[in-house]
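# Structural characterization, general
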Amino acid sequence: MTRSATEPTATPMGHVRDALWRAWDSDILYSFLRSPVTIVAAVVALGLIGAAVAAPLISPTNPFALATLDLMAAFTPPVWMEGGSPAYLLGTDDQGRDMLSAILYGMRISLFVGAASVVFAMILGVGLGLLAGYAGGWVDALIMRVADVQLSFPAILIALLIDGVARGILPREVHHDVAIWVIIFAIGVSGWVQYARTVRGSTMVEKNREYVMAAHIMGIHPVVIAVRHVLPNVMGPVLVIATIHLAIAVITEATLSFLGVGLPPTEPSLGTLIRIGNDFLFSGEWWITIFPGVALVLLVLSVNLLGDWLRDALNPKLR
Amino acid sequence: MTEPLLSVRDLRVQFPTRRGVLTAVDGVSFDIHPGEILGVVGESGAGKSQTGAAIIGLLEPPGRIAGGRIILEGQRIDGLTQEQLRKVRGRKIGAVFQDPLTSLNPLYTVGRQLTETIRTHLDMSERAARARALELLQEVGIPGAADRLDAYPHQFSGGMRQRVVIALALCANPRLIIADEPTTALDVSIQAQITSLLKRLCREHDTAVMLITHDMGVIAETADRVAVLYGGRLAEVGPVDDVVNRPLHPYTEGLMACIPTTHDRPPRLAQIEGSMPSLTAMPDGCAFHPRCPHAHDRCVAERPPLFDHAPSSAACWLWSSEGTRTLERTRA
Amino acid sequence: MRDDGHTPPLLDEDGRPVLVRLRGLTKHFDVSPPLLSRVLEGKRRRILKAVDGIDLDIPRGRTTALVGESGCGKSTVARMLVTLYTPTDGDLIFEGTEIGRLRDRHALAPVRRRMQMIFQDPFASLNPRWRVGRIIAEPIRAHGLMDDGAAIRRRVAELLEHVGLRATDADRFPHEFSGGQRQRLSIARALASSPHFLVCDEPTSALDVSVQAQILNLLRDLQRELGLTYLVITHDLAVVRFVADTIGVMYLGRLCELAPADALFAAPRHPYTRLLIETVPDLRVPDRDRRPMAGEVPSPLAPPPGCAFHTRCPLATERCMSERPAMIRDAHGTVACHAVEEGRLPDWTPAQRTAP
Ligand SMILES: Nc1ncnc2c1ncn2[C@@H]1O[C@H](COP(=O)(O)OP(=O)(O)OP(=O)(O)O)[C@@H](O)[C@H]1O
Ligand SMILES: Nc1ncnc2c1ncn2[C@@H]1O[C@H](COP(=O)(O)OP(=O)(O)OP(=O)(O)O)[C@@H](O)[C@H]1O
Ligand code: SF4
Ligand code: SF4
Ligand SMILES: [Mg+2]
Ligand SMILES: [Mg+2]
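Residue numbering note: each chain is counted from 1, following its sequence as written. Throughout, the order in which chains and ligands are written sets their labels, letters from A for the former and numbers from 1 for the latter. Given that this is a predicted model, residues contribute local features only at a pLDDT of at least 70 and side-chain atom pairs are listed and counted only at 80 or more, while totals for whole chains, interfaces and linings are drawn from all residues. Heavy atoms from the whole structure form the basis of all side-chain values; hydrogens and water molecules are not counted.

Looking at an unreviewed UniProt entry, one finds chain B named ATP-binding cassette domain-containing protein and attributed to Roseospira navarrensis. UniProt positions are given in the numbering used here, feature names are shortened, and annotations may be inferred rather than shown by experiment. What UniProt states about chain B under its Subcellular location (unreviewed entry) heading is, verbatim, "Cell inner membrane". Within the UniProt record for chain B, the comment given under Sequence similarities (unreviewed entry) is "Belongs to the ABC transporter superfamily."

A word on the overall build of chain A. Strands here mean DSSP runs of E at least two residues long; helices mean DSSP runs of H or I at least four residues long; both are numbered from the N terminus. Scanning chain A for helices and strands turns up 13 helices and zero strands. Scanning chain A from its N terminus toward the C terminus, one meets helices and strands in the order α-α-α-α-α-α-α-α-α-α-α-α-α. Counting only residues that meet the buried cut, chain A has 46% of its 319 residues in that class. Only the protein chains shown count as cover for residues, with accessible areas throughout obtained via the Shrake-Rupley method and a probe of 1.4 Å. Counting every atom, chain A has about 15,800 Å² of accessible surface; 71% of that belongs to carbon and sulfur. A simple rule labels every residue: compare its accessible area, found with a 1.4 Å probe on the protein chains alone, to the largest value its type can have, and call it buried under 20%, exposed over 50%, or partly exposed in between.

Along the backbone of chain B there are 13 helices and twelve strands. The C-alpha atoms of chain B give a radius of gyration of 21 Å, which matches the 20 Å a tight globule of 332 residues would have. Expressed as a percentage of its 332 residues, the buried residues of chain B come to 56%. Between two residues, a contact is recorded if the distance between any of their heavy atoms is within 4.5 Å. Within chain B, residue pairs in contact and separated by at least 24 positions form 63% of the contacts whose partners lie at least 6 positions apart. Carbon and sulfur atoms provide 50% of the accessible area of chain B, an area that totals close to 14,100 Å². Working convention for charge: Lys and Arg count positive, Asp and Glu count negative, and His plus the chain ends are omitted. Taken as the charge centre is NZ of Lys, CZ of Arg, CG of Asp or CD of Glu, depending on the residue. Taken as two groups, the 36 positive and 38 negative side-chain charges of chain B have centres that lie 4 Å from each other. In this setup the radius of gyration rests on C-alpha atoms only. A globule is expected at 2.2 Å times the number of residues raised to 0.38.

All names here are of chain B. Taken in spatial order, the four strands make up an open sheet running S2-S1-S4-S5, and their pairing is antiparallel. In the strand order of this sheet, the two ends are held by strand S2 (20-32) and strand S5 (75-76), each with one partner. Every axis corresponds to a line fitted to the C-alpha atoms, with the helix fit spanning only the stretch in contact, and the corresponding angles, defined between N-to-C directions, vary from 0 to 180 degrees. Helix H1 (residues 48-56) rests against strand S1 (6-17), S2 and strand S4 (64-72) of the sheet, and its axis sits at about 110 degrees to S1. Note on pairing: DSSP must find at least two bridges between two strands before they are called paired.

Residues and elements named next belong to chain C. For each residue, the test is whether any non-hydrogen atom lies within 4 Å of the molecule or strand; if one does, the residue is near. Lining the immediate environment of ligand 2, one finds 15 residues, of which Ser70, Gly71, Lys74, Ser75 and Thr76 sit closest. We call two N or O atoms a polar contact when they sit within 3.5 Å, provided that within protein one can donate a hydrogen and the other can accept it, with sequence-adjacent residues counted only if both atoms are side-chain atoms. Within the side chain of Ser70, one N or O atom sits 2.6 Å away from an oxygen atom of ligand 2. At 2.6 Å, a side-chain N or O of Ser75 approaches an oxygen atom of ligand 2. Contact with the protein chains hides 66% of the accessible area of ligand 2, taken as 640 Å² for the molecule alone. Tallying contributions element by element places helix H2 (residues 74-81) first for the shell around ligand 2, with three residues. Side-chain classes are defined by residue name, with Ala, Val, Leu, Ile, Met, Phe, Trp, Tyr, Cys and Pro counting as nonpolar, Asp, Glu, Lys and Arg as charged, and the others, Gly among them, as polar. Within the shell around ligand 2, the residues separate by chemical class into seven nonpolar, five polar and three charged.

Residue and element names in this part refer to chain B. Along its sequence, chain B is organised into domain 1 (6-92 + 174-331) and domain 2 (101-173). Where each domain begins and ends is defined by an automated method or by a domain database. Distance between the C-alpha centres of domain 1 and domain 2: 31 Å. Accessible area, probed at 1.4 Å, shrinks when two parts are joined; the buried area is that loss added up over both. The largest share of the area that domain 1 buries against domain 2 comes from Arg91, Pro174 and Leu197, three residues that together contribute 35% of it. The term salt bridge refers to a pairing of a side-chain nitrogen on Lys or Arg with a carboxyl oxygen on Asp or Glu at a separation within 4 Å. At the boundary of domain 1 with domain 2, the tally comes to one salt bridge. The partner of Arg200 in a salt bridge is Glu139, and the shortest N-O contact between them spans 3.5 Å. Contributions of two or more residues to the side of domain 1 that touches domain 2 are made by helix H2 (82-91) and helix H8 (188-205). Class assignment for the residues of the side of domain 1 that touches domain 2 results in nine nonpolar, three polar and five charged.

All names here are of chain B. For strand S10 (residues 233-239), the buried fraction is high: six of the seven residues fall into the buried class. Sheet topology note: the strand S9 (residues 225-230)/S10 ladder contains six bridges and is antiparallel. In the sheet register, Ala227 faces S10, and the bridge partner there is Val237. Turn length for the S9-S10 hairpin, with the two strands adjacent in sequence and antiparallel, is two residues, and the turn residue Gly231 shows positive phi of about 55 degrees. By the bridge criterion, two bridges tie S10 to strand S12 (residues 312-314) in an arrangement that is antiparallel. Across the sheet, residue Glu236 finds its bridge partner in S12, namely Ala314.

Attention now moves to the UniProt feature "domain: ABC transporter" (unreviewed entry) in chain B. Sites flagged by UniProt as "domain: ABC transporter" (unreviewed entry) map to residues 6-256 of chain B. A distance of 27 Å separates the end C-alpha atoms of residues 6-256 of chain B, which is 41% helix and 27% strand.

Residue and element names in this part refer to chain B. Relative orientation of the contacting elements helix H4 (residues 110-121) and helix H5 (residues 126-139) amounts to 115 degrees, with a least axis distance of 9 Å. Our pair here, H4 against H5, has a crossing hand that is right-handed. For the pair H4 and H5, the contacting residues are Val110, Leu114, Thr115, Ile118 and Arg119 in the first and Glu126, Ala129, Arg130, Arg132, Ala133, Leu136 and Leu137 in the second. Here the contact of H4 with H5 is composed, by residue class, of seven nonpolar, one polar and four charged. Put simply, a crossing is left-handed when the front helix is turned counterclockwise from the back one by less than a right angle, and right-handed when it is turned clockwise.

Okay, the sheet that holds strand S8 (residues 229-233) of chain C next. Note: strands within a sheet are paired through backbone hydrogen bonds, in either parallel or antiparallel orientation. Residues and elements named next belong to chain C. Spatial strand order, S6-S7-S8-S3-S9-S10-S12-S11: eight strands in an open sheet with mixed pairing. Two strands close off the open sheet at either side, each with one partner strand: strand S6 (115-118) and strand S11 (328-330). Within this sheet the neighbouring strands show an average axis-to-axis angle of 20 degrees, counted without direction. Relative to strand S12 (residues 333-335), strand S10 (residues 254-260) is paired through two bridges, and the arrangement is antiparallel. Looking at S12, one finds that Leu258 is bridged to Thr334.

Residues and elements named next belong to chain B. A cis amide bond, omega 5 degrees, links Pro61 with the succeeding residue Pro62. Tracing the sequence through the fold places Pro62 in the loop between H1 and S4. For the bond running from Ala310 to Pro311, omega is 10 degrees, close enough to zero to count as cis. If you check the backbone angles, Glu181 has positive phi at about 50 degrees while not being a glycine. Relative to the helices and strands, Glu181 is located in the loop between strand S7 (176-180) and H8.

All right, on to the packing of aromatic side chains then. Residue and element names in this part refer to chain C. Any two of the Phe, Tyr and Trp rings considered here, Trp counted by its six-membered ring, make a pair once their centres fall within 6.5 Å; the pair's planes then place it as stacked at under 30 degrees, edge-to-face at over 60, or tilted in between. The tally for this structure, following the rule as stated, stands at 14 aromatic pairs over all chains. Geometrically, the ring pair formed by Phe29 and Tyr85 is edge-to-face, given 5.5 Å between the ring centres and 80 degrees between the ring planes. Linking Phe29 in strand S1 (residues 18-30) with Tyr85 in the loop between H2 and strand S4 (89-94), this pair joins segments that are 56 residues apart in sequence. Note on Phe29: relative accessible area 25%, which makes it partly exposed.

Residues and elements named next belong to chain A. For the pair helix H5 (residues 99-135) and helix H8 (residues 172-189), interaxial distance at closest approach is 8 Å and the crossing angle is 45 degrees. Considered as vectors, H5 and H8 are oriented oblique to each other. By crossing handedness, the relation of H5 to H8 is classed as right-handed. Contacts from Ile109, Phe112, Val113, Ala116, Ser117, Phe120 and Ala121 of H5 reach H8 at Ile180, Trp181, Ile183, Ile184, Phe185, Ile187, Gly188 and Val189. For the contact of H5 with H8, the residue count by class is 13 nonpolar, two polar and no charged. Roughly parallel refers to an angle under 35 degrees, roughly antiparallel to one over 145, roughly perpendicular to one between 65 and 115, and oblique to any angle outside these ranges.

So, in C-alpha cells, the structure goes:
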C-alpha cells in the first residue's frame with residue numbers, strides 16, 4: 001500500500017491497475033505456473049495468434065496478390081521433399097501460392113471471424129442474460145424460452161440457415177462482399193445462449209446480495225445497478241465460456257467454409273484452404289490440405305486447453 | 001478417575017497452500033471421559049471444526065494431521081487407512097453437523113436412510129434394522145415416530161431434522177458423538193430440544209459428546225468441561241463453571257466479559273480490542289499478545305505451554321510457576 | 001442540521017416525537033404455484049402473510065428492537081421501512097411523509113437519503129470488486145451530496161476514522177478486511193449520507209462475540225453523538241437487552257407484545273415473550289436442567305386461527321382458538337393476549353432466575 005488515500009480510484013487507469021493487481025495477487029497465476037500443459041498451450045496459442053496478427057509483416061509472400069502468383073511453381077512439395085524449393089517452405093498449391101503464407105493469412109481470417117463472433121455472441125448473450133436475470137418475470141420467461149428453442153437446433157444448422165437466408169435475399173455480388181459479416185452474425189447468433197444462461201444464473205444470485213440491496217436503498221437506478229454492481233461480478237464464468245467458444249467458433253467457420261457455404265475463395269480461411277486441398281489429397285499433393293489442417297488443430301486444441309484450465313482455476317471447488 | 005474415552009495429544013492439522021503451510025490446529029491436547037460433554041469454543045477460524053474433523057478422519061484435502069496422537073479407547077486412530085477409519089467412524093464415533101439438510105438425502109425416506117446406515121454397521125436383517133430405526137426415532141423424541149418412518153426429510157421441521165441426524169449418528173451405538181454447531185441453524189425455542197437430547201444420551205448411555213459451538217450460553221448449560229481455542233491453539237481447558245466464572249487465561253476473561261446477558265444493561269460492553277490474527281499472520285510467542293492487556297516481554301518472544309492449575313489449565317505465562325498470577329494465588 | 005419537514009411532528013402516546021409510524025402495515029407474498037399448474041392440476045393460490053397488520057411508533061433518537069423466531073417477518077418489516085418492498089396494505093409514515101405507496105424515484109430520493117440499512121452478512125454487503133473508498137462514497141454520489149472529488153475523499157476518510165478504521169483503508173478491497181471490520185465499513189457507508197434513521201437487520205449475528213461487543217458499542221456511541229434513531233432486528237435476546245429502549249416481540253407476522261425494555265424483561269406478559277425469555281440459555285445464570293418447550297413454529301402459510309400462538313400456549317382456551325386477540329395498551333405496555341385481558345395471567349416467577 002504505497003498509494004495515498006486521497007488518490008482517485010474511479011479513473012479508467014485505476015480500473016486497469018486494479019485488474020492487473022488482482023490478476024497478480026490471485027491464485028490464477030499460481031495455478032498457471034503449476035500446469036505444464038497449460039503453459040505449452042499458452043505458448044502455442046500465443047505463437048499462432050501472434051503469427052496470424054503479424055501475417056502481413058512476416059509471411060514470405062502475399063497470397064492475395066494475383067500478380068505475384070507463379071503458375072509454373074504450382075504443386076511444389078515442401079522444402080524437405082524431392083522437388084521442394086527453399087522459396088516455398090511448406091510447398092505451394094494448385095495455383096502456385098505459397099502454403100505458409102496462405103496458412104498465415106488463412107489463420108488471420110479464421111481468428112478474426114472467430115473473435116468477432118465471440119464478441120458478438122458475448123454482447124448479445126451477456127446483455128440478454130443480465131436482463132433476464134435482473135428483470136425476472138415474463139421478460140425472463142420469454143428470453144429463456146427463445147434460448148431453449150434455439151438450443152434444440154445444432155449451432156451449425158442455425159449458421160447454415162442464416163447463411164442460406166442471406167444468400168437468398170442478397171444479390172450475388174453484395175453477398176460476396178458481406179459474406180464474412182454474415183458468417184460472423186451466424187456463428188454469433190448460434191452461440192449466445194450459453195452466455196445468457198450462465199449470466200442469468202449468476203445475476204439471480206448476485207441481485208439478492210446485500211450490496212445490491214444497499215444500492216437500491218440509495219435509490220440508484222436499477223439499470224445502473226445492473227451494469228455497475230452486478231455485471232462485473234458475473235463476468236468470471238463469461239471469460240471461460242468465451243475462450244472455449246473461440247475454439248468452437250473457429251471450428252464452425254472452418255466447417256462452413258469446408259462445406260463451401262462460408263467465406264469465398266478470394267478470402268481463404270483455414271477451412272477454405274482445407275477444402276481446396278482436399279481435392280488433391282488423393283493425387284499425392286497432401287500438403288495442400290494437411291498443413292492448414294494441422295494449423296487448425298493446433299489453434300483449436302491450444303485455445304481449448306487454455307479454456308479448460310481457466311474454468312478449473314476460476315472454480316474454487318476444484319482447486 | 002476413569003480412563004479417558006478419547007485422548008488428543010499435541011494435535012496439529014496443516015494445510016499446504018501457495019502462501020506456505022497453514023497450521024489450522026497447533027498442538028491441541030484434551031481428554032473426553034465416558035458420559036462427559038466437552039464444549040469446544042472459540043472465534044470463527046479458531047480451529048474448532050478442524051479439530052473435530054481430524055478426530056473423525058474427515059479432514060478435507062489438502063488438510064492433514066501433521067503431528068500428535070488421537071487415542072480412542074486405548075487405540076490410536078490417527079494414521080488409520082480410509083477403510084479402517086470408515087469403520088471407526090460409524091461404530092465408535094458419530095457425527096452431527098450444523099446444517100441437517102446436508103446430512104440427509106432428500107430423495108430417500110428417513111426410515112430408509114436409517115435402516116441402510118444401521119445395516120452397513122451392524123449385521124442385521126432388514127426387519128430388525130427397521131425396528132431399530134423406529135426405536136432410534138423414538139429415542140430422539142420424534143412424536144408419532146411409527147408414522148414418520150416413511151416420511152421424507154423435507155416433511156420435517158428444522159429441529160426434527162436435526163434430531164433425525166442425531167438418530168443417524170446413533171445407529172451403531174457410538175461411544176463418542178462429535179457435534180459441530182448442532183443448534184446454530186435452529187431457533188432458540190428448538191435449540192433446547194437438541195441440547196437436552198444430547199444431555200440425556202450422555203446420562204443414559206454413557207456416550208461422550210464433543211460439542212463445538214460459539215454460543216457460550218449453550219456451553220454453560222450443556223457442557224461439563226470446556227476447551228477454549230484461539231488461533232488454532234488451546235488457550236484454556238477446565239470445568240465449565242470455572243472457565244466461565246473464574247477464567248485463568250486473559251482471552252477467556254475478555255471473552256466472558258464481553259458477552260451480553262439478559263440480566264442487566266451496562267452502559268457499555270467490555271470489549272477485547274482488535275481481532276484474532278489470521279493463520280497466515282500468526283504473531284510470535286503467545287498468539288494473543290497483540291490484544292492482551294497483560295502482555296509482557298516473555299509473551300512476545302516465547303510461546304506459553306499449557307500450565308496446570310487444577311481444576312483448569314491455561315496456556316499463559318501469567319500462570320507459569322513464577323508467573324504473577326500463580327504467585328498471587330499461592331499468597332492468597 | 002435536522003430537517004423536520006413541514007408537518008407538525010407526530011407524537012406517540014407518551015408524548016415523544018415519532019420518527020416512523022406504522023399503522024396496520026401488511027405484506028403478503030404471492031407464493032402460488034405457476035399459473036399452468038393452477039389451471040391444469042387445480043392447485044390453489046397461496047398467499048403468505050409475512051407481515052399481517054403491525055402498529056408501531058418508532059420514537060426519535062432511541063432504539064426500537066424487533067425480536068422473534070426465524071420467519072416471523074422481522075426482515076420483511078425492515079425492508080418495507082427502507083422502501084425495498086412495497087407494503088400490501090397499511091400506512092408507513094417517515095418524518096411526516098407517507099412513503100409506503102410512494103414509488104416515484106425522485107419523490108423518494110430525499111427520504112432515502114435520511115434512512116440507511118446495515119445488513120447481517122458482512123461478506124455479502126460490500127461489492128467485492130469495488131475499493132472501500134468507492135463503496136463508502138456511493139451514497140454521497142448517489143444523492144449528489146458533494147461533487148468535488150477531493151471533498152468526497154475527505155468525507156470518506158472522516159467516516160472511516162469515525163467507525164474506527166484508518167483513512168488509508170479507502171484504497172483496499174473488502175476481502176482484505178475481517179468480518180468485524182467489514183461491518184464497520186457497512187456502518188461507514190450507512191452514515192455517509194448523514195441519515196436520521198438506521199435499520200439494522202441482525203447487525204451482529206454473523207460476528208464472533210468479541211467482535212459483536214465492539215460493534216454494539218460503536219452503534220451506541222454513534223447514536224449518542226449523532227442523535228440517530230435505530231430499528232434493530234435480532235433474534236438474540238441478550239443483544240436486545242443491551243441495545244433496545246423499546247422492544248416489540250413478533251410471532252407469525254404480528255406483534256404480540258410491545259413494551260419498554262426494562263419492563264419487558266422485568267415482567268414479560270405475553271406467554272410467547274415469557275417462553276422466549278425462559279428458553280434462552282444465559283451464560284451468567286445457566287439452567288442446567290432446562291426442559292425444552294414443546295411444539296414448533298407453525299408454517300406462516302397456514303397460521304393457526306384465532307391467536308396464532310395457541311398451538312404452543314399453556315394458557316390457551318376455546319376463545320384463543322377462534323378469536324384473534326387485539327393489542328391492548330395499559331401502563332406497562334401493549335400486549336395482545338386474551339389471558340391478559342381476562343386477568344388470568346399467572347404472575348411472572350421465572351424458574352431458576354435468581355440474579356447472581
Ligand atoms: N481447505 C482449507 N484450506 C486452507 N485453510 C483451511 C481450509 N479449511 C480450513 N482452513 C483454515 O483452518 C482454520 C480453522 O478452521 P475451522 O473450520 O476449524 O474454524 P472454526 O473454529 O470451526 O470456525 P467457524 O466458527 O467459522 O466454523 C481457518 O482459519 C481456515 O482458514
Ligand atoms: N420475497 C419473498 N417471497 C416470498 N416469501 C418471502 C419473501 N421474503 C420473505 N418471505 C417469507 O416471509 C416470511 C417472513 O420472512 P422474514 O425474512 O421477514 O423473516 P425473519 O423474521 O427476518 O426471519 P429470519 O430470522 O430467518 O431472518 C418467511 O416465511 C419467508 O419465507
Ligand atoms: S501469555 Fe502473555 S500475552 Fe499471552 S495471554 Fe498470557 S499474559 Fe497475555
Ligand atoms: S391469546 Fe390465548 S393462546 Fe394467545 S397467547 Fe394469550 S392465552 Fe395464549
Ligand atoms: Mg466450524
Ligand atoms: Mg431476517
